[in-house]
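Residue strings, one per chain:
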Amino acid sequence: MTYTRKQLETFLALEDFQEIYAQADALRAETVGDIVHIRALLEFSNHCKRLCCYCGLNATDKNLPRFRMDPRDMISTAQEACQAGYKTIVLQSGEDPWYTPDMIGEVVKQIKKTGMAVTLSCGEHPESVYQYWRDCGADRYLLEHETSDPKLYATLHPDSSLEARVACLRSLKRIGYETGGGFMIGLPGQTLSTIAGDLLLLQEIGCDMAGIGPFIPHPDTPLREATPGSTELTKRAVALARLLLPRANLPATTALGVLDDAQKENVFSCGANVIMRKVTPNNLKKLYQIYPAAFSDVDIRTGRLETEAEIRSLNRTPV
Ligand code: 5AD
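Residues numbered from 1 in each chain as written. Predicted model: local features only at pLDDT ≥ 70, side-chain atom pairs only at ≥ 80, totals over all residues. Heavy atoms only, no water.

Before we move on, can you summarise the site of the ligand with the specific residues and values?
Lining the immediate environment of the ligand, one finds Tyr54, Cys55, Gln92, Glu144, Glu146, Met184, Pro214, Phe215, Ile216, Ile290 and Tyr291. Tyr54 is positioned such that a nitrogen or oxygen atom in its backbone is 2.8 Å from a nitrogen atom of the ligand. Its free accessible area being 400 Å², the ligand has 86% of it covered by the protein chains. A class-by-class count of the residues in the shell around the ligand yields eight nonpolar, one polar and two charged. (Near = heavy atom within 4 Å. Polar contact = N/O pair within 3.5 Å; in protein donor to acceptor, adjacent residues only side chain to side chain. Areas by Shrake-Rupley, 256 points an atom, 1.4 Å probe, with all protein chains shown as cover. Nonpolar A, V, L, I, M, F, W, Y, C, P; charged D, E, K, R; others polar.)

Can you lay out the environment of Thr227 for me, pointing to particular residues and giving the numbers?
The topology assignment puts Thr227 in the loop between β6 (209-214) and α9 (231-244). Separated by 64 residues in sequence, Thr227 and Tyr291 place their C-alpha atoms 13 Å apart. What Thr227 contacts, discounting residues up to four positions off in sequence, is Gly186, Phe215 and Pro217. (Helix = DSSP H or I, 4+ residues; strand = E, 2+ residues; numbered from the N terminus. Contact = heavy atoms within 4.5 Å.)

Break down empty space enclosed by the protein for me, citing the residues and quoting the values.
Applying the stated criterion to the full structure yields two cavities of 30 Å³ or more. Of the voids in this model, the largest cavity is the one considered here, and its volume is about 60 Å³. Lining the largest cavity are Phe44, Ser93, Gly94, Glu95, Asp96, Tyr99, Ile104, Cys122, His125 and Trp133. Here the second largest cavity is characterised by a volume of approximately 40 Å³. Every residue along the wall of the second largest cavity is listed here: Tyr86, Arg277, Lys278, Val279, Lys285, Val298, Asp299, Ile300, Gly303 and Arg304. Elements represented by at least two residues in the lining of the second largest cavity include exactly β7 (274-278) and α13 (300-313). Looking at the lining of the second largest cavity, the element that brings in the most residues is α13, giving three residues. A class-by-class count of the residues in the lining of the second largest cavity yields four nonpolar, one polar and five charged. (1 Å grid on protein atoms, 1.4 Å probe; cavity = no way out; pocket = protein on both sides within 12 Å on 5 of 7 lines; lining within 4 Å. Points joined across faces, edges and corners; volume = space filled by probe spheres on them.)

Okay, structure coming up:
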């Protein structure tokens, strides 16, 4: 479907959004069905060279103990996730130059031997590196654009630009990755018009996936005093993303569950069809503090079974 920015802005501001939720839910059922994909999320390094003002991993946060997983441990954790029933693993980290392109490429090759799909989410890199990882077997890449307003982007990311970010997304698409963008709801300075622009940018890039979550202030960042994003507005953006990108994979983001567990379940009736579950080793999980969040310390298999049960309780089919 195509909408103008003004139309999307008007939708986002509606008093009663029920009709659009129902449309998004019906479209989701028709295009991607009742299946909810469960992805394993392995957070392998919390070192980051970037200065993103909202993120607890940003390079200036001296309070955070940093960790890096050894490539061998990444591979064995992925194998364990595979045995627990996962078909996709997302390898996520800060932008950590300690890992060379070759090291990540080798990890991808080894994990691909399990038969799992591999999603990478480790930031901005030259097109040649993205191409190399694709050649090693990586299937998907997640790189949220965070905000489509170039001025707001520059304020929140003193060391980079929206232009560079979007160029990376276009490279990923060109190379043939299933490409994931996404953005936060409630960033200080964001308006409904910005969110409308965020949605249109996903569509313009041709994103195959989109992570849309509420902003959560982190106490060790410059945005510590800011107000968290609205969960209602997050669900509205997910529903509109479904209308704009009918076949996309849209996760119920972890951040949504942090602010309100019920809304994380509820978003599955607003267009979402994916959930991620951490398989990060328990001693490291608590250090991957993008935003403050409680974490569960069950083992990988138990975590998977819990998530499957949650999905079944919503009358949807876990895969
Ligand atoms: N609140 C909510 N989401 C955040 N992210 C980063 N910091 C925060 C925060 N404080 C999101 C960004 C990033 C993804 C991994 O997590 O969209 O791309």
